[in-house]
Each structure stands twice: as structure tokens, then as C-alpha cells.
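# A closer look at the structure
The lines below spell out each chain.
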Amino acid sequence: MSKNTIQLRSLNDAPRVGQTSDDLVNGMQRHFLRTLGLSKACISDHYKYQALALTIRDRLMENWKDTKEAVQETDGKRTYYLSLEFLMGRALGNAILNLGLDEQATQALHDLGIDIEEMIEAEADAGLGNGGLGRLAACFIDSCATLQLPVTGYGIRYEYGMFRQSIVDGFQQESPDHWLREGNIWEMERPEYIQAIHFGGYSESYHDDNGILRSRWVGTHDVLAVPYDTPIPGYKNGTVNTLRLWKSAATDEFDLGEFNAGDYAGSVAQKNNAEHISMVLYPNDSSENGKELRLRQQYFLASASIKDVLRQWVEVHGEDFSEFAAKNCFQLNDTHPTVSVAELMRILMDDYRLTWDESWAITSKTMAYTNHTLLPEALERWSVRLFSHLLPRILDIIYEINARFLKELAKKYPGDVARQRRMSIIEEGDEQQVRMAYLAIVGSFSINGVAQLHSDLLVEGLFADFYDLWPAKFNNKTNGVTQRRWMAWCNPSLTQLINKNIGDSWITQLDELRRLAPLAEQASFRKQWAACKRENKETLAAIVQEECGVTFSPDAMFDIQVKRIHEYKRQLLNVLHVIHLYDRIKRSDADNWTNRCVLIGGKAAPGYYMAKKIIKLVNSVAEVVNNDPDVGDKLKIVFFPNYRVSAMEKIAPAADLSEQISTAGKEASGTGNMKFMMNGALTIGTLDGANIEIREEVGDENFFLFGLTAEEVEQTRGNYNPNAIIEADEDFKRVMNLLQSAHFNQFELGLFDDVINAIRCENDPWLTAADFRSFIDAQQEAATAYQDKTQWLKMSIYNTAFSGKFSTDRTMQDYNRDIWGLTPVKLK
Ligand code: 26Q
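Residues numbered from 1 in each chain as written. Predicted model: local features only at pLDDT ≥ 70, side-chain atom pairs only at ≥ 80, totals over all residues. Heavy atoms only, no water.

## Considerations on the overall build of the protein
When you go through the protein residue by residue, the secondary structure sums to 33 helices and 25 strands. Rg of the C-alpha trace for the protein: 28 Å, near the compact-globule value of 28 Å for 828 residues, within the 12% margin. When its C-alpha atoms are laid out on the principal axes, the protein stretches across 90 × 75 × 55 Å. Residues counted as buried form 60% of the 828 residues belonging to the protein. Accessible area of the protein: about 32,600 Å², with a carbon and sulfur share of 48%. Here the protein holds 88 positive side-chain charges and 115 negative ones, and the gap between their average locations is 2 Å. (Helix = DSSP H or I, 4+ residues; strand = E, 2+ residues; numbered from the N terminus. Rg over C-alpha atoms; globule rule 2.2 N^0.38 Å. Buried < 20%, exposed > 50% of the residue type's maximum accessible area, 1.4 Å probe, protein only. Areas by Shrake-Rupley, 256 points an atom, 1.4 Å probe, with all protein chains shown as cover. Lys, Arg positive; Asp, Glu negative; His and termini not counted. Charge placed at Lys NZ, Arg CZ, Asp CG, Glu CD.)

Here is the structure:
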């Protein structure tokens, strides 16, 4: 028995917590009294939430322990999902749903006279991510738990998550998101698994006891990584997996020697530096920023996680690594944790004394890399100078990986120096840079894109040289979303209707939704479908009223675009359409009109000038449109502030039309598109990312397609004349005239000049003008279609019915079949 095992007779034999509503009431009362120390008089909403969350958490704990034990006993292969972001949102409702406690919880709260909705709203979003990539990680671990796959998420426990966005005078204002202020019921600190992480110092060679020449990293400044574990429940299957997030902390040894002789206070202040590492999430989702702290975060996560995995390995297998690659896989969520490749090499060689070849055989069979972008400017590069002072030993190893790789290249393509230069992990130039994507490709056995088009474009473009060298490493894994959160939890009325008609097997087998398709022919079913949508629209309208002071009528078409603000996503094109509609109303061209409520939401990176301008433009247009008596109910537009996971839970169920209008070839996949589809919205979209697959599944006739293809986009570059396009299109000319005449910025002349110039620029990378006409036409098609209620409802039902492919359950099965090879761990 190890010293960490105690003989607790009661631990395994203790009566398990009850699952009835009375048990929940008793649980809450116990927590009010004993955990929170409250008397009746002082039970505020905050405490009610805490007691409920603790009571639900109690129901996770035994399953969590059982899952850990079962995984350990099985001793099978395991996967670690390494991600700088996990955009979890709220946990309470999800836990209640996955435990199958919804009815009991509703009853218990009713008995106690507590409003369940208020409890849900009392929880802060865990906003530890920017957008798609972070939310994908959250959906993945939900699906892995539901599929009983032994997958652990590893990330950073940021003190401050994604900033809170408010709108002041139409401009975005950022404020810090101190999401932990009121505590976090769901996390468990695990000090016994603390790791020390090295920074700085230098690397040196030495001869070991056997006279073998080795390297070591010395003179480092160490930072502690403290793990906090969050339970990730599977859907009604007893499995509870783990999300392990690392918080940075100073070591207790103050550095009074070298630097701070005599400066006690100064050396204590150094503590701060260590604690900064996990302080804040970088709010940047599409461009590298080169900041040292970001590289520190990346190495902090990589090193802590790999050490943690090796610790567990050595506890069971000792220092025999012969089976390590067969039993462990690290999935890298973009290049952000890619320094893991070098870190695993370092530890195997320097700490466990494996040879280079042994270490490389293990590392390159253990790492797998997922790419999430086609924008070349978003590929991460780090200056060698920064690496050499922050991570000198790691840089040594990257150089050695590169030297060996270049040798292999020279053998395969003799004399092709240009190719070697192109493919080198180290980019030469004024300043040498480490190309992280290339390190990831060289170090991994699998490289995947996140939608078919994206994966195809990667091997034709950005990674063509590598595809030529290693075609078998490349594969596609189309993204998904978890239907537990994005339908069952967030759309209870639709869930009820579906369950009543086809049962609830779709909650774990999304393909089952196909059985809804024939029901589209039934008038009574359509009527109930319409009632659900209407109820959800009323709920959203109330929120819009509260947040934006604008009245959305549920009779109008809800036309929604929510996602990060970025030029390639073309919120600007959406605004141009709104201005066009406004112009039509003003010139009395509004026969057979379809009333529309346009909602745009999303955060702009704080340093992204154009994105912030576009937010201001939306608000300026809204100001004019919403207050013009000629417009009335025909058209409303709002900018929805502080878009986040919990907002999407209200928005997706209420959407009629989902805007997925990126320049073709730029959006890797998109996942919002899938959430809308599942909830019965129709898509207006380009042939980009997963839109293509959505259209394939639902059928051309149930999708509003417009715009250039990715191929046409590439052909258009170099002979693009937006001014001629505008000139030739009367509607477009009028829209531009409104913008240029300062119609929306009468007291702030020149405010939108940069936006106007971007549209008119021959080098506009996003080709906004090129797609204007076909977008306007597709929007008209959608507006006309909306007037045929019966047909629209059928199309809405088909969208839900054929969304089965877009479950992360399918995505995770694909990863597991082609990359991980895990065996599900069943519980006794
Ligand atoms: C990089 C360097 C420094 C600081 C921040 C970053 C950084 C952080 C986040 C770069 C990129 C991101 C996030 C990217 C992202 O969310 N990409 C989206 O991933 C989704 C899931 O695969 C896709 O559906 C989207 O198409 C893609 O844009």
C-alpha cells in the first residue's frame, strides 16, 4: 500500500447518495447548515446556488472516483487533449442534465420555493477561451465522457477569462472577467500533484556516471504548476472524466542569492512574476502577438501536463517506456501547446536518460496536431532570441529536431535547397523564427484540419510541401458540437417535442433525428414546431429588450450573426445588406415585405482596429434604423453586447436565419453554424468551412447559398475592381452613397472612412464587394421563403433532422478510429 492510500472502510461501502427530489432537498439543507454555515435568515441567491451546486456535485464525486479507478485498472491507452483554451460556460445545468436529475432538481427547488432559472443564471460563465477553438475543446470533452473514452483535458486556470464587453457610445469597451470572485464549486485543488516548471537559465553538457555525454538545463527560475480538477460527466452513463487546469504559483524559495542580494522585498515581489503566468487569457483569436508571457503560458501548460502524464506512467510502469507510445497520445489543439514536442524529448533524454532515437521514436508516435486556420498571418512563430533566453534547453532540442529533419529532406530531395529553406522549422531572415506549425507537423504522426474543405486546402496550400513528404500523416476531422448542451439543455421545449415523437435516443445518437423528416409533412407537428420556435423567440426578444432597449417582434424573421468580429467573417457584408433594406424602405420599395430583426454579436480583439470600427458601424446604423418611424417593425438591428456561451444558449434556439458568410476559403470550419442548424435555423452561407457539409446533409433546397467559391476567390485576386462592381449595381451604389454621405455618422464625420476604403480597395482580401449582389439576392430568396410559413417550417425541421453528422460524438469517434485507438472504459 502506498503512503497515499488509507484504509477507509467506509469509502467504498458507504451508502451512495440518493437521487430522489427529497434526497436533493436534504442535500441542500445539509449544505446550507453544515457546509455554508447559514441560518434561514441569510440565504441569499448566491448561497442557494452554492447549496444546489454542492448537492449536484456530491452526485458526481463517487462516479468520478469510480471512473478513475476503472481507467487505472484497465491500464489501456489514454489521450490527453492539450489546449490553451477550454470555453466551458456554465456547469450546473449541464451536470443536472447529464446526471439525469432534471426532474428531481426541478421538483426539489419547487419544494424549497426556489426559482431554478435564477440558480442557473447565478453561475458565472467559465470563459477560458476566445471562441471556436476553445468551445470545441469543451464540446470534445463532453463527448469523450459520454462515449466513455479515457481522455483528460489539460489547460490553464486563468484567473481572468475572456474580457467582458460593454458598448459605450457604440464602441466596444473591455472590462476584466474575474470569474472566480465568488468561488468555483466545480474545481478541486490537487496540491499533491504540483509540478515545478523551469524557465531561463542555460543548458550545459556533462558526462554522467557511465561517462556518457548528456545535457542538462541549469540555473533555472522555477515556477510551480498547481492542478485544479473539474469533473466532466458523461450523459447518464456513470462516467466522469477530468479537466485538469494549471494555476501558476511561486516556489517558496525566494531568490536572495544571485540577483537580489539584500533585496528581500524585491525577491518576494518576484513571486508576482510567477503568479502572472496563469493570470489572463490572451483575447486574440486570429493573429500571433509574439508576447513573452504568452510563450511562458504555452510552455507552462506543456511542461506541467507532460510531467503529470509521465509521473502517472512511472508510478505504474517504472522507467520502462517501451509501451509509452502505444498507451499515450497527446492531441495538440492548434500549435499553441506544440512546445510539448520538445518538452517530451527533453524529459525522456535528460531525466530518464533515453537516447535521442529512443525519445524521438516515442515522441513522434505520441503527438497529434489539429490545425484550425487557413490564414497564413495566424500561423504562430516565435523569435529564436526569445526562445533562447526563456527556454534555452528547449531551443537546443528544436534545433536538433530541425537539423535531423533537414538531413532527411536533403536525402529525399537532393539539391533542392529552396525546398529545405521553405520547410525548415527555423525561418531565416533578419530575425530567426521558430515556425510552430512546422514543429508540430514534424513531431506528430497525425495532422488534421477541421472540415473537409479546410483539410483539402491545407494540403494544397500552406502544408503542400509536407503533404508531398508525408501524405499519410494528413487527415480531416470535421468539427461538431455537443447536442447535450446545444439542444437538450438549451432548447427544452424543442427537446420535449422531439422526445414525444421519436424518443430521446438522439441525445446520444444524433443521427436518429432523421426520423423527424417525415413529420415535416404533418400539419400538427409543424404547428408545435412553430410554437417552440416562437416561445424561444419571445425569450430572446425579452433579453434584447433588456440589453439593447430595442423591441424585437417574434413575428419577424430573426436573422442572426454571432461570432468573433473579424474582417474575414464579414459582419460588414451583413451591415451592407441591412443598409440596403433600410434604403428600400426609405424609397418605398417595400411591397411583400418580410419583417426582419437582425442581431449581430461578438467580441473584437482589443487591438483589432477594423473589427472595433465594424462594431461601431453596427451601432450607428442601428441608431438610425431603429429610430426611424418610416421603418417601424419592418427592420430592427441590434448589436448584442458580451456574446458568450450562456448567451448562445438563448440565441441559437431563437434563430430563423443563421449568417455564415465568410469569404470562401477562410473559415476553417465554423461551429456556430452547427448549433443554429440543430435548432432549426436555415443557413445563408458561402461555400466555406463546414457550411459545405451542412448543405450536403440538408440538401441544396434547404440552404441559401451565395458568393464566390474558394477557387473563384483565388482567381479573383489580382483582377478585382470593387469600384466598377459598385458603379454597375444601382442598389450597391445607393448603399455606398448612404455610407459616404455620413448618413449614419452625422456628428462624427469621417468615422467610417476606413471601412468605406476597405470595401473599395482593389486589394481587399475579403472581397466584400464581389459577393454583395449574390448576398442581396440570397437574402431576398430567404425573405420570400419566410412568407410561406408551411414551407419554411418544413425546411426548419429538415435542418434539425439532417444535423446528425455535426455531433462531437461523431467527431470524437472519428478521432478515436483514425488517431487515438482508445477502448471505451465501461463501469461496473
Ligand atoms: C495565438 C497566439 C497568441 C495569442 C492568441 C493566439 C490564438 C488564440 C486563439 C490564435 C487563435 C485562436 C483561436 C482560433 C479559433 O478559434 N479558430 C477557430 O476554430 C474553430 C474550431 O475548429 C473553427 O470552427 C473556426 O473556423 C476557427 O476560426
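There's plenty left to go through after this.
## A closer look at the site of the ligand
Near the ligand there are 21 residues, and of these Leu 133, His 372, Asn 479, Glu 667 and Gly 670 occur at the shortest range. Here an oxygen atom of the ligand sits 3.3 Å away from a polar atom, N or O, in the main chain of Ala 668. Between Ser 669 and the ligand, the recorded distance is 3.0 Å, taken from a backbone N or O atom to an oxygen atom. The biggest single contributor to the shell around the ligand is helix α7 (residues 132-146), with three residues. (Near = heavy atom within 4 Å. Polar contact = N/O pair within 3.5 Å; in protein donor to acceptor, adjacent residues only side chain to side chain.)

## A few points about the side chain of Asn 479
As for its placement among the helices and strands, Asn 479 is situated in the loop between β19 (474-476) and α19 (483-489). The exposure class of Asn 479 is buried, given its relative accessible area of 4%. A distance of 3.4 Å separates a polar atom in the side chain of Asn 479 from a polar atom in the side chain of Ser 669. In this structure, Asn 479 is in contact with Leu 136, Phe 140, Val 450, Ser 669, Thr 671, Met 674, Phe 806, Arg 810 and Thr 811, ignoring residues within four places of it in sequence. (Contact = heavy atoms within 4.5 Å.)

## Side note on the packing of helix α29 (residues 730-740) against helix α30 (residues 753-760)
Between α29 and α30, whose axes approach to 10 Å, the crossing angle comes to 155 degrees. Taken together, the axes of α29 and α30 lie roughly antiparallel to each other. Relative to α30, α29 is oriented so that their crossing is left-handed. Residues Phe 732, Met 736, Leu 739 and Gln 740 of α29 lie in contact with α30, whose contacting residues are Ile 756, Ile 759 and Arg 760. For the contact of α29 with α30, the per-class residue count stands at five nonpolar, one polar and one charged. (Axes fitted to C-alpha atoms, helices over the stretch in contact; angles between N-to-C directions. Parallel < 35°, antiparallel > 145°, perpendicular 65-115°, else oblique. Left-handed = near helix turned anticlockwise from the far one by under 90°. Nonpolar A, V, L, I, M, F, W, Y, C, P; charged D, E, K, R; others polar.)

## Notes on the pairing of strand β21 (residues 596-601)
By the criterion of burial, β21 is predominantly enclosed, with six of the six residues buried. Covered by surrounding structure in β21 are Arg 596, Val 598 and Ile 600 together with Cys 597, Leu 599 and Gly 601, the residues of both alternating faces. In terms of strand pairing, strand β20 (residues 557-562) meets β21 through six bridges, oriented parallel. Along β21, the bridge assignment pairs Gln 561 with Ile 600. Running through helix α22 (residues 571-586), the crossover from β20 to the neighbouring parallel element β21 is right-handed. Two elements, β21 and strand β22 (residues 635-640), share six bridges in a ladder whose sense is parallel. The partner of Val 598 across the bridge, within β22, is Ile 637. (Pairing = 2+ DSSP bridges. Right-handed = clockwise from strand over helix to strand, strands pointing away.)

## Section: the sheet that holds β22
Strand order in this open sheet of six strands is β22-β21-β20-β23-β24-β25, and the pairing throughout is parallel. The open sheet terminates on both sides in strands that have one partner only, identified here as β22 and β25 (704-705).

## Quick word on the nonpolar core
One finds Phe 387 and Leu 391 to be the most contacted residues of the largest nonpolar core, which totals 108 residues. At ten residues, helix α9 (residues 292-317) tops the list of elements feeding residues into this core. Core analysis: the next-biggest nonpolar cluster, separate from the first, contains 60 residues, Ile 560, Phe 676, Ile 694 and Val 698 among them. (Core = buried A, V, L, I, M, F, W, Y, C linked by side-chain atoms within 4.5 Å.)

## Some details on helix α3 (residues 45-74)
When the terminal C-alpha atoms of α3 are compared, their 43 Å separation across 30 residues agrees well with the 44 Å that a helix rising 1.5 Å per residue should span. Taken as a whole, α3 carries its principal kink of about 25 degrees at Leu 60. Following α3 by one or two positions, Asp 75 has its phi on the positive side, about 50 degrees. (Expected span 1.5 Å × (residues − 1). Bend = angle between axes of the 7 residues up to and from the residue.)

## Examining unusual backbone geometry
Peptide bonds are trans in most cases, and residues, glycine excluded, mostly fall at negative phi. Phi is positive for Lys 236, close to 45 degrees, though the residue is something other than glycine. By secondary structure assignment, the location of Lys 236 is in the loop between β11 (221-233) and β12 (240-250). The backbone phi angle of Asn 642 is positive, close to 55 degrees, even though this residue is not glycine. Its place among the elements puts Asn 642 in the loop between β22 and α24 (645-651).

## Digging into α22
Taking 1.5 Å of rise per residue, 16 residues should cover 22 Å, and α22 covers 23 Å from first to last C-alpha, within 8% of that figure. For α22, the tally of buried residues reaches 15 of 16 residues, placing the bulk of the element in the interior. Where α22 terminates, the next one or two residues include Ser 588, which has phi positive at roughly 60 degrees.

## A word on the packing of helix α20 (residues 492-502) against helix α21 (residues 523-548)
One way to put it is that α20 packs onto α21 with a least axis distance of 9 Å and a crossing angle of 160 degrees. As far as their axial angle goes, α21 and α20 are roughly antiparallel. Crossing of α20 over α21 shows right-handed handedness. Where α20 abuts α21, its residues Ser 493, Leu 494, Leu 497, Ile 498, Lys 500 and Asn 501 lie against Phe 525, Gln 528, Trp 529, Cys 532, Glu 535 and Asn 536.

## Overview of the environment of Leu 281
Its place among the elements puts Leu 281 in the loop between α8 (264-276) and α9. Sequence separation between Leu 281 and Lys 537 is 256 residues; the distance between their C-alpha atoms is 33 Å. Not counting residues up to four positions away in its chain, the partners in contact with Leu 281 are Leu 84, Glu 85, Gly 127, Leu 128, Gly 129, Asn 130, Tyr 158, Tyr 160, Gly 161 and Met 162.

## Brief notes about the pattern of salt bridges
Applying the stated criterion to the full structure yields 68 salt bridges. Asp 58 is the partner of Arg 30 in a salt bridge, and the nearest nitrogen-oxygen pair spans 3.1 Å. In this pair, Arg 30 sits in helix α2 (residues 21-35) while Asp 58 sits in helix α3, placing the two residues 28 residues apart along the sequence. With relative accessibility at 37%, the residue Arg 30 sits in the partly exposed group. With its nearest N and O atoms 3.6 Å apart, the salt bridge here joins Lys 616 to Glu 748. Here Lys 616 is found in helix α23 (residues 609-626), whereas its partner Glu 748 is found in the loop between α29 and α30, with 132 residues between them in sequence. (Salt bridge = Lys/Arg side-chain N within 4 Å of Asp/Glu carboxyl O.)

## As for the environment of Ala 378
With respect to the helices and strands, the residue Ala 378 is situated in the loop between β14 (367-370) and β15 (381-383). For the pair Ala 378 and Asp 285, spaced 93 residues apart in sequence, the C-alpha separation works out to 8.6 Å.

Function-wise, these values are silent; they only describe arrangement.
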